[in-house]
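# Summary of the model geometry
Take a look at the letters that make up each chain.
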Amino acid sequence: MPWLKISLPILLIVGAVLAAVALFAARTPAVQKPAPPPTLLVDVAVAKRQPVTFVVRSHGVVAPRTRTTMVSEVSGIVVEVSPAFVAGGFFAKSDVLVRIDPRNYQTAVKRATAAVAQARTKLATENALAGYAHQDWERLRSLEAADRPASDLTLRKPQLAEAAAGLESAEADLEKATEDLSRTVIRAPYHGMVREKRADIGQFVNTGTPLAETFATDYAEVRLPIPQADLQYLELAKLNADGSLRATLSADIGAVSHEWPAVIVRTEGVFDPDTRVLHLVAQVQDPYVPDREPLRIGTFVSAAIEGTYAGEVFVIPRHSLESGRTLWMVAGDMTIQPRDLEVIRADEGLAYIATGLRDGERYTVVPPENSLPGMRVRINSE
């Protein structure tokens, strides 16, 4: 039958639709679960009070305390130099460094010695003549042949004074000749080192010719710039009391770090008008002592200067603070909360906290990004 062929597919479609509607109506409704809040993975540290003495850090270049340009005080040819008279050579106080040809000065000493002998003879002669003149005058007076006092010329006083002055002048010439002869031998004025050599054997030098640049090795000095804000952490009164503050200088030489003990002995007393820093001067005794790494002149060093005692405070990494004063605390329920702290000092790597923390409290080592108060965290390391 034709109508049956048409109605049968329609009935099948209607039945399928009714069955689908019945299945949809009989389904169990889905349960809506809230999404869990985000959890941050953080590193934490534990706050703990500890005694702290502030350290003020600076840097500078090692320089000699005493430096000298050695010059010749006489003229002549350099006839001898010491083996230590080379750049980098060490010498002791009173060591002979340079000799200048002394022959002309030895001759001058002989002439001056002879002139002194002649002047002494002349003075002795004038003394005798003055004595005879005085006796003659007394004899004339006894015979009443002289009715006036004797003049200075009669008693040969001008001649005697001239002879005495001649002796004094000859002795001064001898002293100068002797000094000039001694100056042909140039001795070291202190224990030190030759920095630059400017003369050698065979060279003719005039008076005032530079022979060498030298410096003393008993002490080395370092000028350390201190910002005005850091002066409050230094006990500068100690410089007036016992004369020193302790410091440690350090420098990397190759792959090895070396340290040298030093003392701050003075300040330069005025602020630099351009940089607004006050320079402290550190001294290192015996920088070239043989039993340790020498602190060579010209070395760039870092300095750690002992400062004031801060008491027992909390020391935390400076990068743990957000905006320089906010620390994220980790509570017992593993949530975080921000806390503003009182920072009494912050240097390049650390911040010092006097109040606002308690021993044993935990905080995030690095401030979490995009965090909100109350967010939960997981501890990566403590």
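Look up: the structure comes first, before these words.
The structure contained in this document is the topic of the report that follows. Because the structure is a prediction, the values reported are computed rather than measured.

### Notes on the overall build of the protein
The number of helices and strands found in the protein is four helices and 21 strands. Taking all 382 residues of the protein together, the buried fraction comes to 32%. Sequence-distant contacts, at least 24 apart, represent 75% of the contacts inside the protein between residues at least 6 apart. Summing over all exposed atoms, the protein offers an accessible surface of approximately 23,600 Å²; the carbon and sulfur share of this is 55%.

### Examining the side chain of Thr-364
By the secondary structure assignment, Thr-364 is in strand β20 (residues 362–364). Among the polar contacts made by the side chain of Thr-364, one reaches the main-chain carbonyl oxygen of Val-366 at a distance of 3.4 Å. Discounting chain neighbours no more than four positions away, the residues touching Thr-364 are Val-42, Asp-43, Val-44, Ser-320, Leu-327, Trp-328, Val-330 and Ile-336.

### Notes on the side chain of Glu-213
With respect to the helices and strands, the residue Glu-213 is situated in strand β10 (residues 210–216). Of the polar contacts made by the side chain of Glu-213, one reaches the side chain of Thr-69; its length is 2.9 Å. Of the polar contacts made by the side chain of Glu-213, one reaches the side chain of Arg-198; its length is 3.0 Å. Setting aside residues up to four positions removed in sequence, Glu-213 forms contacts with Thr-68, Thr-69, Met-193, Val-194, Arg-195, Glu-196 and Arg-198.

### Thoughts on the packing of aromatic side chains
Within a pair of aromatic rings, the relevant descriptors are the distance that separates the centres and the angle that separates the planes. All chains considered together, the criterion is met by five aromatic pairs. The interplanar angle of 35° and the centroid separation of 6.5 Å between the aromatic rings of Phe-215 and Tyr-288 together place this pair among those described as tilted. Note that Phe-215 is positioned in strand β10 and Tyr-288 in the loop between β14 (277–285) and β15 (300–317), a separation of 73 residues in sequence. Neither Phe-215 nor Tyr-288 differs from the other in exposure class; each is buried. Joined through ring pairs, the aromatic side chains of Phe-54, Tyr-233 and Tyr-352 make up one cluster. Note that Arg-345 overlies the ring of Phe-54, its terminal NZ or CZ placed 5.2 Å from the centroid. One cation-aromatic arrangement involves Arg-345 over Tyr-233; the distance from NZ or CZ to the ring centre is 4.5 Å.

### Remarks on the nonpolar core
Leu-249, Ile-264 and Ile-305 are the most contacted members of the largest nonpolar core, which totals 29 residues. Contributing elements (two or more residues each) for this core: β2 (49–64), β11 (219–227), β12 (245–253), β13 (256–271), β14 and β15. In this view, Leu-249 contacts Val-222, His-258, Glu-259, Trp-260, Ala-262, Val-284, Leu-295, Val-301, Ser-302 and Ala-303; residues no more than four positions away in its chain are not counted. Residues Phe-85, Val-98, Ile-186 and Tyr-190 belong to the second largest nonpolar core, which totals 20 residues.

### What to know about the sheet that holds strand β6 (residues 96–100)
Taken in spatial order, the four strands make up an open sheet running β7-β6-β4-β9, and their pairing is antiparallel. Looking at strand neighbours, the two that pair on one side only are β7 (185–187) and β9 (204–205), the edges of this open sheet. As paired strands, strand β4 (residues 76–81) and β9 are joined by two bridges and run antiparallel to one another. Following the sheet pairing, Ile-77 is matched in β9 by Phe-204.

### A closer look at the pattern of salt bridges
Under the criterion given, the structure shown has 16 salt bridges. Close ionic contact of Lys-176 with Asp-180 constitutes a salt bridge, the shortest N to O distance being 2.8 Å. With Lys-176 and Asp-180 both in helix α3 (residues 157–183), this residue pair falls four residues apart, about one helical turn. Classification of Lys-176 by relative accessible area gives exposed; the value is 53%. What makes Asp-180 buried here is its relative accessible area of 13%. Linked by salt bridges that have partners in common, Glu-73, Lys-176, Asp-180 and Arg-183 make up one network.

Calculation rules
Residues numbered from 1 in each chain as written. Predicted model: local features only at pLDDT ≥ 70, side-chain atom pairs only at ≥ 80, totals over all residues. Heavy atoms only, no water. Helix = DSSP H or I, 4+ residues; strand = E, 2+ residues; numbered from the N terminus. Buried < 20%, exposed > 50% of the residue type's maximum accessible area, 1.4 Å probe, protein only. Contact = heavy atoms within 4.5 Å. Areas by Shrake-Rupley, 256 points an atom, 1.4 Å probe, with all protein chains shown as cover. Polar contact = N/O pair within 3.5 Å; in protein donor to acceptor, adjacent residues only side chain to side chain. Phe/Tyr/Trp six-rings, centres within 6.5 Å; stacked < 30°, edge-to-face > 60°. Lys NZ or Arg CZ within 6 Å of the ring centre and 35° of its normal. Core = buried A, V, L, I, M, F, W, Y, C linked by side-chain atoms within 4.5 Å. Pairing = 2+ DSSP bridges. Salt bridge = Lys/Arg side-chain N within 4 Å of Asp/Glu carboxyl O.

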